[in-house]
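Chain by chain, the residues run as shown.
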Amino acid sequence: MAAKKLSAFKNRIKNGLWNNSIILKYFAALLVLEFLGFIILGISFSLLGRNDWSVQKLELMENNTKSVAELTTQVLEKRMNTDTKGSIFMLCNNIKMISDAINADIYVCNMDGDVILCKHLLSEDFELSNNGECLIHSVYKIPASVIEQAKNGFSSDRTTLDGVYAKDQLVSAQPVIVNDEVIALVFTATPISSSVTDYLNRTIKIFLVAAALSLLVGAIGVYVFTLNLLSPLRDMSRATKAYAKGDFSYRVKVRGKGELEGLLKAFNSMATELALHESTRRSFVANVSHELKTPMTTIGGFIDGILDGTIPPEKQNYYLEIVSNETKRLSRLVVAMLNLSKIEAGELKLKPKEFNICNDIFNVLISFEQQIEQKNIEILGLDVLEPTLVNADEDMIHQVIYNLVDNAVKFTENAQIIVDVNKNSDGSVSVGIKNTGVGISPEDLSRIFERFYKVDKSRSYDTKSTGLGLYIVKTIVEMHGGTIKAESVENEYTRFEFTLPAKIPAELL
């Protein structure tokens, strides 16, 4: 039972801290990299330190070997002491002190290769031990080849002196010269393995202490750095989870400088756009559902009334006309939706050609002639229009003009529609369509180009508006690289003006 609880606890820790924490993973990765860096540094330091130790040790041995050789030369020349026994004591004592100081074995041999002086010849009471014979060095016999080489002095970082030693040694040799004749040789030797091991052990101890402190400080620094660096990612992760659930109100805290700050700002900007698109999508679905439902309900209701006899025969034609109008309204909505779908999917390609845009304006106005007469609308500006050529997709521009005129006719009665066409200095052409009447409020004016937005919702069903006309107009004009704007004064007028460039930009074709 206890084992199961322990296992479950370990799994919770693993799943909760490791699998779900990017900060912990990143921190661990940086810590491992830091640790590996120290290991590589330690190995490199040891290898380089070994070579450096060999160079320094040999230099130290060379200097001390020369000192012993010079001192031996002076003794043998009897410049320091005429007492031979005292001279030997002094030499052995100096050899002992120097040997102990540099942790090396120093001895003097004759030209036959026998060791004659070393630190072991002196006893603790400063008497010659073993009748002047060293038990350690008495077995040494320096080969003639080494003696010949040592006459000129030499140093080696790896030698056994031709079999004198079982293992490689660091060796320095200097001749003892009296009256220009080599009469003895001084050797200084130390084992490579033990000396290097001692040196490296001391070095590694120092390195480990320094590395431990550095790792501790580095771990704290890495954790703080990791936390600061990855906290925004955790915020972004929480934000994306909220967005996935449909909550676009969450925003990440902008922190840091440079790329991080830019990323966080871009993320918040994306969230704002997503919120806007989600709001637009919901509004779009709601509006489409409502626009489709209204005419279908009307059509179904009146047809059912005719079929079940609720509507008397003499009234049937009247209600059938309403059904016909609602059917046409439904058809216009479907066509507008299809056009909108093609435009936004990029399936509607421009087919530009040069044509007289004034002819299109005349043709569109003629198609509205009956409605214009019924509503007593006066058309102004046609008499001053002059042939004006534009380079555009004629069918699409015809739809733009048709939608703008349709919009003007719907909201104008016993008033005027004024049309003007102007050729600008840069070759572009501007077309203005103005209608006098109720106008548009500033609040509505800023939204009239949105999908399914209707300025006069109370009259929208009477005017058979789909709320897509102006959005399609704006989209088509911008597909040509042009611009469109609207201006209005309530209870006075509303004016739309679109401008087409002299030539459609290549990137839009």
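Quick caveat: nothing in here was measured; it's all calculated off a predicted structure. (Residues numbered from 1 in each chain as written. Predicted model: local features only at pLDDT ≥ 70, side-chain atom pairs only at ≥ 80, totals over all residues. Heavy atoms only, no water.)

### As for the overall build of the protein
Counted only if it meets this: Numbered from the N terminus, helices here are DSSP runs of H or I no shorter than four residues, and strands are runs of E no shorter than two. Exposure classes here rest on a 1.4 Å probe applied to the protein chains alone. A residue is buried below 20% of its type maximum, exposed above 50%, and partly exposed in between. In what follows, a contact means two residues having at least one pair of non-hydrogen atoms within 4.5 Å.
Regarding its fold elements, the protein presents 12 helices and 12 strands. Expressed as a percentage of its 509 residues, the buried residues of the protein come to 38%. Looking at the protein alone, contacts between residues at least 24 apart form 66% of all its contacts between residues at least 6 apart.

### So, the pattern of salt bridges
Once the charged atoms of two side chains with opposite charge are near each other, the side chains can pair. Applied cut-off: Any Lys or Arg side-chain nitrogen found within 4 Å of a carboxyl oxygen on Asp or Glu counts as a salt bridge.
Throughout the structure, instances matching the rule amount to 12 salt bridges. Notably, a salt bridge pairs Arg495 with Asp420, separated by 3.1 Å at the nearest N-O pair. Here Arg495 is found in strand β12 (residues 493–500), whereas its partner Asp420 is found in strand β9 (residues 416–423), with 75 residues between them in sequence. When its relative accessible area of 14% is taken as the criterion, Arg495 is described as buried. Among the charged side chains, a salt-bridge network with shared partners connects Asp420, Lys485, Arg495 and Glu497.

### Describing the sheet that holds strand β5 (residues 181–191)
Here is the rule we go by: Any two strands are treated as partners once DSSP identifies two or more bridges connecting them. Helix axes are fitted only over the stretch in contact, all axes being lines through C-alpha atoms; the angle between N-to-C directions runs from 0 to 180 degrees.
The strand order β2-β1-β5-β4-β3 describes an open sheet built from 5 strands, whose pairing is antiparallel. Edge strands, defined here as strands with exactly one partner in the open sheet, are β2 (115–118) and β3 (154–159). Looking at each pair of strands side by side, their axes are set apart by 25 degrees on average, direction ignored. Across 10 bridges, the pairing between strand β4 (residues 169–178) and β5 is antiparallel. Bridging from a neighbouring strand, Val178 pairs with Glu181 of β5.

### Here we look at the sheet that holds strand β10 (residues 429–436)
Strand pairing in a sheet is mediated by backbone hydrogen bonds. Such pairs are either parallel or antiparallel. Spatial strand order, β7-β9-β10-β12-β11: 5 strands in an open sheet with mixed pairing. Only two strands of the sheet have a single partner each, and these edge strands are β7 (378–380) and β11 (483–489). When strand polarity is set aside, the average angle formed by the axes of neighbouring strands in this sheet is 15 degrees. Taken together, the 3 bridges between β7 and β9 define a ladder with parallel strand orientation. Within β9, the residue paired with Glu378 across the bridge is Gln416. Contacts from helix α8 (residues 357–367) reach β7, β9, β10 and β12 within the one sheet, and its direction differs from that of β9 by about 165 degrees. Most of the contacts of helix α12 (residues 469–479) go to β11, to which it runs at about 140 degrees, and overall it touches β11 and β12.

### A word on the packing of α8 against helix α10 (residues 394–410)
Operational definition: Roughly parallel means an angle under 35 degrees; roughly antiparallel means over 145; roughly perpendicular covers 65 to 115; every other angle is labelled oblique. Throughout, a crossing is termed right-handed when the near helix is turned clockwise from the far one, and left-handed when it is turned anticlockwise from it by less than a right angle. When residue character is reported, Ala, Val, Leu, Ile, Met, Phe, Trp, Tyr, Cys and Pro are called nonpolar, Asp, Glu, Lys and Arg charged, and the others, Gly included, polar.
Between α8 and α10, whose axes approach to 10 Å, the crossing angle comes to 45 degrees. Compared by their axis directions, α8 and α10 come out oblique. Between α8 and α10 lies a crossing of right-handed hand. Here α8 contributes Ile357, Asp360, Ile361, Val364, Leu365 and Ser367 to the contact with α10, which in turn contributes Glu394, Ile397, His398, Ile401, Tyr402 and Val405. Residues belonging to the contact of α8 with α10 are distributed by class as follows: 8 nonpolar, 2 polar and 2 charged.

### Some points on the packing of α10 against α12
One can describe the packing of α10 onto α12 by two numbers: an axis separation of 9 Å at closest approach and a directional angle of 145 degrees. In terms of crossing hand, the pair formed by α10 and α12 is left-handed. Within the contact between the two elements, α10 uses Met396, Gln399, Val400, Asn403, Leu404 and Asn407 and α12 uses Gly469, Leu470, Ile472, Val473, Ile476, Val477 and Met479. Counted by class, the contact of α10 with α12 contains 9 nonpolar, 4 polar and no charged residues.

### As for the confidence of the model for the protein
Our working rule: The predictor attaches a confidence to each residue, and that confidence, scored 0 to 100, is pLDDT.
Averaged over every residue, the pLDDT of the protein is 79; the share at 70 or more is 79%. Ignoring residues within four places in sequence, the model shows residues 457–463, a span with pLDDT below 50, making 7 contacts including any to other chains.

### A look at the nonpolar core
Defined as follows: Side-chain atoms within 4.5 Å link the members of a nonpolar core, which is a set of buried Ala, Val, Leu, Ile, Met, Phe, Trp, Tyr and Cys residues.
Counting 43 residues, the largest nonpolar core has Ile357, Ile401, Leu404, Val405, Val421 and Phe498 as its most contacted members. Elements represented by at least two residues in this core include exactly α8, β8 (389–393), α10, β9, β10, α12 and β12. The biggest single contributor to this core is α10, with 8 residues. With residues up to four places along the chain from it excluded, the contact list for Val421 reads Ile357, Cys358, Ile361, Leu385, Thr388, Val429, Ser430 and Val431.

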